[in-house]
Amino acid sequence: MSDQPGDGHKVRDLTAAEVARGLKDGRVVLVDVREPNETAVERFPGAVLVPLSAFDPATIPAPPGTEVVFACRSGRRSATASLAAQEQGFDYDAHLAGGILAWKAAGLPTET
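Structural notes, computed from the coordinates. (Residues numbered from 1 in each chain as written. Predicted model: local features only at pLDDT ≥ 70, side-chain atom pairs only at ≥ 80, totals over all residues. Heavy atoms only, no water.)

### Considerations on the overall build of the chain
Here is step 1: Tallying secondary structure elements over the chain gives four helices and six strands in all.
Here is step 2: Listing every helix and strand of the chain by position from the N terminus yields β-β-α-β-α-β-β-α-β-α.
Here is step 3: Taken over the C-alpha trace, the chain has a radius of gyration of 13 Å; the compact-globule value for 112 residues is 13 Å, and the two agree within 12%.
Here is step 4: Burial analysis of the chain (112 residues in total) assigns 38% to the buried set.
Here is step 5: Excluding contacts between residues fewer than 6 apart, the proportion of contacts in the chain whose partners are at least 24 apart in sequence is 64%.
Here is step 6: Of the accessible surface of the chain, which amounts to about 5700 Å², a share of 52% is contributed by carbon and sulfur atoms. (Helix = DSSP H or I, 4+ residues; strand = E, 2+ residues; numbered from the N terminus. Rg over C-alpha atoms; globule rule 2.2 N^0.38 Å. Buried < 20%, exposed > 50% of the residue type's maximum accessible area, 1.4 Å probe, protein only. Contact = heavy atoms within 4.5 Å. Areas by Shrake-Rupley, 256 points an atom, 1.4 Å probe, with all protein chains shown as cover.)

Pasting the structure below:
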């Protein structure tokens, strides 16, 4: 778990397997915060695209009973997005540790 000093916000690291299971069960809304030029090349199946450059957590479709999980290429921008959402009052504290690199390393599918 990452902890940013002084602000009280935390980011929970989820594994690719945990996120994939949550997606399969309908419990997770995966939010890809990479930029359009990146997601045009390769993306997570079923992910909502909310680029960090235009990030607004209020635009994320989060049905009741689901958990918002952020993802990016390696995990750095997704942690940033989680902290930014928390600063705006949302309880979105989870991200895919290792991003799409970890997702592919776990043998999970991507869309091109």
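### Observations regarding helix H1 (residues 16-25)
Here is step 1: All buried positions along H1 are accounted for by Ala16, Val19, Ala20 and Gly22. Relative to the axis of H1, the buried residues are bounded by an arc of 160° and lie together on one face.
Here is step 2: On its buried side, H1 packs onto strand E2 (10-14), strand E3 (28-32), strand E5 (67-71), strand E6 (94-96) and helix H4 (99-105).
Here is step 3: Positive backbone phi, at 75°, marks Gly26, one or two positions downstream of H1. (Arc of directions from axis to C-beta.)

### Description of the pairing of E3
Here is step 1: When you tally the buried positions in E3, you get five out of five residues, the bulk of the element.
Here is step 2: Along E3, one buried face is formed by Val28, Leu30 and Asp32 and the opposite face, lined by Val29 and Val31, is buried too.
Here is step 3: Alignment of E3 against E5, held across five bridges, turns out to be parallel. Paired with Asp32 across the two strands is Ala71, which belongs to E5.
Here is step 4: Here E3 pairs with strand E4 (residues 48-49) via two bridges, running parallel. (Pairing = 2+ DSSP bridges.)

### Quick notes on the environment of Ala62
Here is step 1: You can see Ala62 is positioned in the loop between E4 and E5.
Here is step 2: The class of Ala62 is partly exposed, set by a relative accessible area of 33%.
Here is step 3: Measuring from C-alpha to C-alpha, the distance between Ala62 and Val29 comes to 6.6 Å, with 33 residues separating the pair along the chain.
Here is step 4: Look past the residues within four positions of Ala62 in its chain and what remains in contact with it is Val29, Val68 and Tyr92.

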